[in-house]
Amino acid sequence: SSILHTPALAVALVEPFRAVLETRDPAMAAAALRLMHLALNLDPKLAAIWIRFLGRWAHTFSLFRARSFKVSLGYNRRTVRSLRSMIDDVLQALEENGGPDATALIRKHVRGYDPAITKAYVKRMQDKERVKQAELAGRVGTLDDVKRALAKAPGVDTFKPYLL
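Cut-offs applied
Every chain is numbered independently, its residues counted from 1 as its sequence is written. The model is predicted, so local features are restricted to residues of pLDDT at least 70 and side-chain atom pairs to those at 80 or more, both for listing and for counting; the totals for chains, interfaces and linings are taken over all residues. Heavy atoms from the whole structure form the basis of all side-chain values; hydrogens and water molecules are not counted. Angles shown run from 0 to 180 degrees and are taken between the N-to-C directions of axes, each axis being a line fitted to C-alpha atoms and, for helices, limited to the stretch in contact. Only runs of H or I of at least four residues qualify as helices and only runs of E of at least two qualify as strands under DSSP, and these elements are numbered from the N terminus. When an angle is under 35 degrees it counts as roughly parallel; over 145 it counts as roughly antiparallel; between 65 and 115 it counts as roughly perpendicular; any other value is oblique. Throughout, a crossing is termed right-handed when the near helix is turned clockwise from the far one, and left-handed when it is turned anticlockwise from it by less than a right angle. Any two residues having at least one pair of non-hydrogen atoms within 4.5 Å are treated as being in contact. Residue type decides the class: Asp, Glu, Lys and Arg count as charged, Ala, Val, Leu, Ile, Met, Phe, Trp, Tyr, Cys and Pro as nonpolar, and the leftover types, Gly among them, as polar. Planes of paired rings set the category: under 30 degrees apart is stacked, over 60 is edge-to-face and the rest tilted, where pairs are Phe, Tyr or Trp rings (Trp by its six-membered ring) whose centres lie within 6.5 Å. Partly exposed residues are those whose accessible area sits between 20% and 50% of the maximum for their type, while under 20% is buried and over 50% is exposed, using a 1.4 Å probe and protein chains only.

Asker: Would you mind going over the packing of helix α3 (residues 26-42) against helix α5 (residues 54-66) with me for this structure?
Answerer: Angle between the axes and distance between the axes: these two values describe a pair of packed helices. Two numbers describe how α3 lies on α5: the axes approach to 13 Å, and their chain directions differ by 120 degrees. Classified by the angle between their axes, α3 and α5 sit oblique to one another. α3 and α5 meet at a crossing whose hand is left-handed. For the pair α3 and α5, the contacting residues are Pro26, Ala29, Leu33 and Met36 in the first and Trp57, Phe61 and Phe64 in the second.

So, in structure tokens, the structure goes:
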């Protein structure tokens, strides 16, 4: 267990990150986004806590994603990244490790973000498909079973084509 995963510390980091992002200074926002991404890489369990506070960062995330700000990282002027790609990295880390509601929360708060197809997303879709197949297997047998069930149901006629 990482020291970052302490819920009190994880929650305490939300407001300072928000304050830095709210300055709307691209260089400061880039530093905050880098720190957020590093923290999520060090301790992926942070995503489960931070995803609940996404609404506090969502406005500035959307603002920076809408504009194409490019920021040089460090002293090397050749190392340039866009804030949009940095935000997408943070959102992807939140989505991958934020739990089953992460994708829905990201879609709700950050307009225009197309969720990544992550392993967690594929697993959720496979689980939904398995449940759906199990429900269908329990209810419906063959086409003849369906016709018999319809014939027994009162007031329900089988399909008859309309003839002129």
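Now that the structure is up, let's keep going.
Asker: Would you take a moment to explain the environment of Leu35 for this structure?
Answerer: The residue Leu35 is located in helix α3 in this model. Spatially, the C-alpha atom of Leu35 lies 9.8 Å from that of Val90, the residues being 55 residues apart in sequence.

Asker: When you look at the packing of helix α6 (residues 83-97) against helix α7 (residues 102-109) in this model, what are you seeing that I'm missing?
Answerer: Between α6 and α7, the least distance of the axes is 8 Å, while the angle of their chain directions is 145 degrees. Only Ala102, Thr103 and Ile106 of α7 make contact with α6, whose side of the interface consists of Leu91, Leu94 and Glu95. Grouping the constituent residues of the contact of α6 with α7 by class yields four nonpolar, one polar and one charged.

Asker: So what exactly am I meant to see when it comes to the packing of aromatic side chains here?
Answerer: Two measures describe an aromatic ring pair: the distance that separates the ring centres and the angle between the ring planes. Inspection of the entire model under this criterion finds three aromatic pairs. Taken together, a centroid distance of 5.7 Å and an interplanar angle of 85 degrees make the contact between Phe17 and Trp50 edge-to-face. Residue Phe17 is located in helix α2 (residues 14-22), and its partner Trp50 is located in helix α4 (residues 46-50); the two are separated by 33 residues in the primary sequence. Residue classification places Phe17 among the buried positions, given a relative accessible area of 10%.

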